[in-house]
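Examination of the molecular architecture
Listed below are the residues making up each chain.
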Amino acid sequence: MKALLLDLGGVVIDVDPQRCFAYWAEASGVDVGHIAVRWRADEAYEAFEIGAIGFGEYLESLSARLDISLGEDDWRAGWNALLGEPIADVVAALPALAARVPLYCFSNTNVVHQATWEQRHADALTPFRRIYVSWQLGLRKPSVASYRRVADDIGVAPADIVFLDDNADNVRGASAAGLVAHHVPNAAATLATLRGEE
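Quantities reported herein were computed from a predicted structural model and do not represent experimental measurements.

Here we look at the pairing of strand 6 (residues 161–165)
The side chains of a regular strand alternate, first on one face of the sheet and then on the other. Counting buried positions along strand 6 yields five of five residues, so the element is predominantly enclosed. What you see with strand 6 is no split at all: Ile161, Phe163 and Asp165 on one side and Val162 and Leu164 on the other are buried throughout. Pairing geometry for strand 1 (residues 3–6) and strand 6, over four bridges, is parallel. Paired with Leu5 across the bridge in strand 6 is Phe163. As defined by bridge partners, strand 6 adjoins strand 7 (residues 180–183) across four bridges and the pair is classed as parallel. By the bridge assignment for strand 7, Phe163 is matched with Ala181.

As structure tokens, this is what we get:
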């Protein structure tokens, strides 16, 4: 292993879409189930995550999909409610890892979320040499091209990069790109993999 690459949301920082749904439901006066059953990671969502459209354009699509109307402040607050606190045990392990192997992060994310987690969790993210984000790359996990772009920038062959993600599709994409990929559905699995127990 010449580099360790971690997913961000679900591996380093807690994320929960239900917090978004709950906020938007309360702000719009509908039942949370009304929103939960309508939300999808659709084409507009993916376009937003690769920087192809802005937040305003995504909100137009989201409003139509969810069948609710909100002001931008409420949309933004709900959107950012996805982001929780750093996953303490994982974050505590990062400095020692970074002292042994170059540590990087790769996240499917967007400009609004990035501005939020960079500000809220700057200390927790300090051990990473670089955080790669889909909206700047113009590519999302699980595309093979996205991992190869990251590996090229790191300057390490894919086979020498160990990658951890809580999303099984992303793990399959990384494996197809030649990375040594591990599915880590929770903090215990992440820590076990980092300790070489998996």
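Here's the deal with helix 1 (residues 17–28)
Its twelve residues place the ends of helix 1 17 Å apart at the C-alpha level, agreeing with the 16 Å of an ideal helix rising 1.5 Å per residue. Every buried residue belonging to helix 1 is among Cys20, Phe21, Trp24 and Ala25, and all of these are buried. What you see down the axis of helix 1 is that its buried residues fit within an arc of 125°, all on one side. Its buried side turned inward, helix 1 meets helix 2 (32–36), helix 4 (55–66) and helix 5 (72–80). Put simply, Asp16 is the residue that caps the front of helix 1, since its side-chain oxygen is 3.0 Å from the backbone nitrogen of Gln18.

Focus on the packing of aromatic side chains
Think of a pair of aromatic rings as described by two things: how far the centres are apart, and how the planes are tilted against each other in angle. A complete count under the given rule lists 14 aromatic pairs for this structure. Measuring from ring centre to ring centre gives 5.3 Å for Trp39 and Tyr45, while their planes differ by 85°; the resulting arrangement is edge-to-face. Through a chain of ring-to-ring contacts, the aromatic side chains of Phe21, Trp24, Trp39, Tyr45, Phe48, Phe55, Tyr58, Trp75 and Trp79 assemble into a single cluster. Above the ring of Phe106, the side-chain terminus of Lys141 is found at 5.3 Å from the ring centroid.

Brief notes about the layout of surface pockets
Its volume calculated, the largest pocket comes out at about 700 Å³. What lines the largest pocket is a set of 30 residues, and nearest its centre among them are Val15, Tyr45, Glu49, Asn108 and Asn167. Secondary structure elements with two or more residues in the lining of the largest pocket: strand 2 (13–15), helix 1, helix 3 (43–49), helix 7 (111–120) and helix 11 (168–176). The dominant element in the lining of the largest pocket, judged by the number of residues it contributes, is helix 1, at four residues.

Concerning the nonpolar core
With 45 residues, the main nonpolar core has Leu4, Leu6, Val12, Trp24 and Phe128 as its most contacted residues. Considering each element in turn, this core owes the most residues, five residues, to helix 4. Sequence-distant contacts of Val12, that is, excluding residues within four places in its chain, are made with Leu6, Asp7, Pro86, Ile87, Val91, Leu94, Leu125 and Phe128. In this structure, Tyr132, Val156, Ala174 and Leu179 belong to the second largest nonpolar core, which totals 19 residues.

Section: the pattern of salt bridges
All told, the structure shown has ten salt bridges when counted by the stated rule. Across the pair Lys2 and Asp160 runs a salt bridge, and its minimum N-O distance is 3.8 Å. Here Asp160 lies in the loop between helix 10 (144–154) and strand 6 and Lys2 lies in the segment before strand 1, a separation of 158 residues in the sequence. A relative accessible area of 53% means that Lys2 is categorised as exposed. With a relative accessible area of 25%, Asp160 lands in the partly exposed category. The shortest N-O distance in the salt bridge between Asp153 and Arg130 comes to 2.8 Å. Highlighted residues: Asp153 in helix 10 and Arg130 in strand 5 (residues 130–133), separated in sequence by 23 residues. Using a relative accessible area of 37% as the deciding quantity, one classes Arg130 as partly exposed. Residues joined in a network through salt bridges with shared partners are Asp7, Lys141 and Asp165.

Reading the values: rules and limits
Residues numbered from 1 in each chain as written. Predicted model: local features only at pLDDT ≥ 70, side-chain atom pairs only at ≥ 80, totals over all residues. Heavy atoms only, no water. Buried < 20%, exposed > 50% of the residue type's maximum accessible area, 1.4 Å probe, protein only. Helix = DSSP H or I, 4+ residues; strand = E, 2+ residues; numbered from the N terminus. Pairing = 2+ DSSP bridges. Expected span 1.5 Å × (residues − 1). Arc of directions from axis to C-beta. Contact = heavy atoms within 4.5 Å. Polar contact = N/O pair within 3.5 Å; in protein donor to acceptor, adjacent residues only side chain to side chain. Phe/Tyr/Trp six-rings, centres within 6.5 Å; stacked < 30°, edge-to-face > 60°. Lys NZ or Arg CZ within 6 Å of the ring centre and 35° of its normal. 1 Å grid on protein atoms, 1.4 Å probe; cavity = no way out; pocket = protein on both sides within 12 Å on 5 of 7 lines; lining within 4 Å. Points joined across faces, edges and corners; volume = space filled by probe spheres on them. Core = buried A, V, L, I, M, F, W, Y, C linked by side-chain atoms within 4.5 Å. Salt bridge = Lys/Arg side-chain N within 4 Å of Asp/Glu carboxyl O.

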